[in-house]
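So the chains spell out like this:
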Amino acid sequence: MKSINILFFASLLILTLQQEVLFAQFEGEIQFEMREQADESSPKKEMRFVFTNDRIYIDSNVSLNVMSGLSTSGILVRNDMKDFILMTGNNEAIQIAKSEIESVMTMLDRLQGRSNVQPKPFAWDERVYETGESQIIHGFTTHQYIMREENDDNYISVWLTNEIKVNWGLLHESWYSTGQSRFENEIPIEMVMNHTSFPLLVEVFKNDVVAFSARSTSVESRNFERSKTELPSGLKLIGFSEIMMNFFRQQR
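The written sequence of each chain sets the order in which its residues are numbered from 1. A pLDDT threshold of at least 70 governs which residues receive local features in this predicted model, and a stricter bar of 80 or more applies before side-chain atom pairs are shown or counted, although totals over entire chains, interfaces and linings include all residues. Calculated side-chain values reflect all of the structure's heavy atoms, with hydrogen atoms and water omitted.

Before going further, it helps to examine the overall build of the chain. Secondary structure summary: the chain contains five helices and twelve strands in total. Buried means the residue's accessible area, taken with a 1.4 Å probe over protein chains only, is under 20% of the maximum for its type, while exposed means over 50%, and partly exposed covers the values in between. Looking at the 252 residues of the chain, the share that counts as buried comes to 46%. We call two residues in contact whenever any of their non-hydrogen atoms come within 4.5 Å of each other. Considering only residue pairs separated by 6 or more positions, the chain has 63% of its internal contacts joining residues 24 or more positions apart. Runs of E in the DSSP output that reach at least two residues are strands. Runs of H or I that reach at least four are helices, and both are numbered from the N terminus.

Here it is, written out as structure tokens:
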């Protein structure tokens, strides 16, 4: 089982079209704390999601490395504009369009010999089941689902609530265009990212002991920073093509 950490939530930073989904969209802020239980000296990782009707803002106290020389701790997903905005500091941000991301990922797939690789269907009936257990987390009723490996002592426990529904839009669709093949079916993303439920607690067990956890620490639907889903005044947007040109120049 691949280690599940902050990238588990943010590795879906790739673009595709948004599907229209009809449901009661959750608007608010949900914060998570992530811990590697085996390494008590590792810094505490925190992640925040801010949801509005057609946008998602994600930030963290730990920088996310996008590529060599490029990192961000804030990502704005604009489903209405079909793009991502990567906050890089110094009042600058990188704007990534759908066509640019898809072109880059197609090129990388060809270079790595992935262009003809088709992921095998995930064995839902064999590996995932609902336990029947439930618990209240931040006032929401959650139900436990387990995903097991061949070794029954290694598994992932996910507590989902159907009282929080969000439109993941670009993030959700991107998994099928480019992200799915890179995880080789180790992570069935529908367990944590779907239109009918939301995870408030994820725990990775190894030898029946929690090795990693992503635990929601707060859910706020009234007083939250809605402005996080808007571009700050005076923010300079840099095109992704410019960044890629500079990146390839550095590789020569």
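Now, onward.
Before going further, it helps to examine the pairing of strand S10 (residues 198–206). When a strand is regular, its side chains alternate between the sheet's two faces. Most of S10 is tucked away, with eight of its nine residues classed as buried. Paired strands, in this sense, are two strands between which DSSP finds at least two bridges. In this sheet, S10 lies alongside strand S9 (residues 155–161) in antiparallel orientation, the contact comprising seven bridges. For Val 158, the partnering residue across the bridge sits in S10 and is Val 202. The hairpin turn running from S10 into strand S11 (residues 209–220), its antiparallel successor, is two residues long, and Asn 207 in that turn takes a positive phi close to 55 degrees.

Turning our attention to the pairing of strand S8 (residues 140–148). Where strand S7 (residues 128–137) meets S8, seven bridges bridge the pair, whose relative direction is antiparallel. Of the residues in S8, the one forming a bridge with Tyr 129 is Ile 146. In sequence, S7 turns back onto S8 through a hairpin of two residues, with His 138 there showing a positive phi of about 55 degrees. Sheet topology note: the S8/S9 ladder contains six bridges and is antiparallel. When the sheet's bridge partners are listed, Gln 144 is paired in S9 with Trp 159. The loop that links S8 with its antiparallel partner S9 comprises six residues.

Right, let's talk about the packing of aromatic side chains for a bit. Aromatic rings from Phe, Tyr and Trp, taking only the six-membered ring of Trp, are treated as a pair when their centres fall within 6.5 Å; an angle between ring planes under 30 degrees marks them as stacked, one over 60 as edge-to-face, and anything in between as tilted. Within this structure, the stated rule accounts for nine aromatic pairs. Where Phe 32 meets Phe 198, the ring centres are 6.3 Å apart and the plane angle is 40 degrees; that geometry is what we call tilted. You can see Phe 32 sitting in strand S1 (residues 28–36) and its partner Phe 198 sitting in strand S10, a full 166 residues away along the chain. Phe 32 sits in the buried class, given a relative accessible area of 2%.

Averaged over every residue, the pLDDT of the chain is 79; residues scoring 70 or more account for 71%. Put simply, helix H1 (residues 6–10) is where the chain has its lowest mean pLDDT, 45, and S7 is where it has its highest, 96. In this model, residues 6–22 is a region of pLDDT below 50 whose contacts with residues beyond four sequence positions or in other chains number 62 contacts. The predictor's confidence in any single residue is recorded as pLDDT, a number from 0 to 100.

This part takes up the nonpolar core. With 44 residues, the main nonpolar core has Phe 49, Phe 51, Ile 56, Ile 164, Trp 168, Leu 171 and Phe 198 as its most contacted residues. The element that contributes the greatest number of residues to this core is S10, accounting for five residues. Grouped together as the second largest cluster of nonpolar side chains are eight residues, Val 50, Tyr 57, Leu 76 and Ile 85 included. Nonpolar core, defined: a set of buried Ala, Val, Leu, Ile, Met, Phe, Trp, Tyr and Cys residues in which side-chain atoms within 4.5 Å join the residues together.

Within the secondary structure, Thr 52 sits in the loop between strand S2 (45–51) and strand S3 (55–67). Residue Thr 52 is classed as buried on the basis of its relative accessible area, which comes to 8%. In this structure, Thr 52 is in contact with Gln 25, Glu 27, Phe 224, Arg 226 and Thr 229, ignoring residues within four places of it in sequence.

The next subject is the pattern of salt bridges. A pair is scored as a salt bridge if a Lys or Arg side-chain nitrogen falls within 4 Å of a carboxyl oxygen belonging to Asp or Glu. Taken as a whole and judged by the stated rule, the model has eleven salt bridges. Here Asp 59 ties to Arg 48 by a salt bridge, and the two come within 2.6 Å at their closest N and O atoms. Here Asp 59, found in strand S3, pairs with Arg 48, found in strand S2; they are eleven residues apart in sequence, far enough to count as distant. Assigned by exposure class, Asp 59 and Arg 48 land together as buried. Among the ionic contacts, a cluster of salt bridges with common partners joins Glu 29, Arg 48, Asp 59 and Glu 225.

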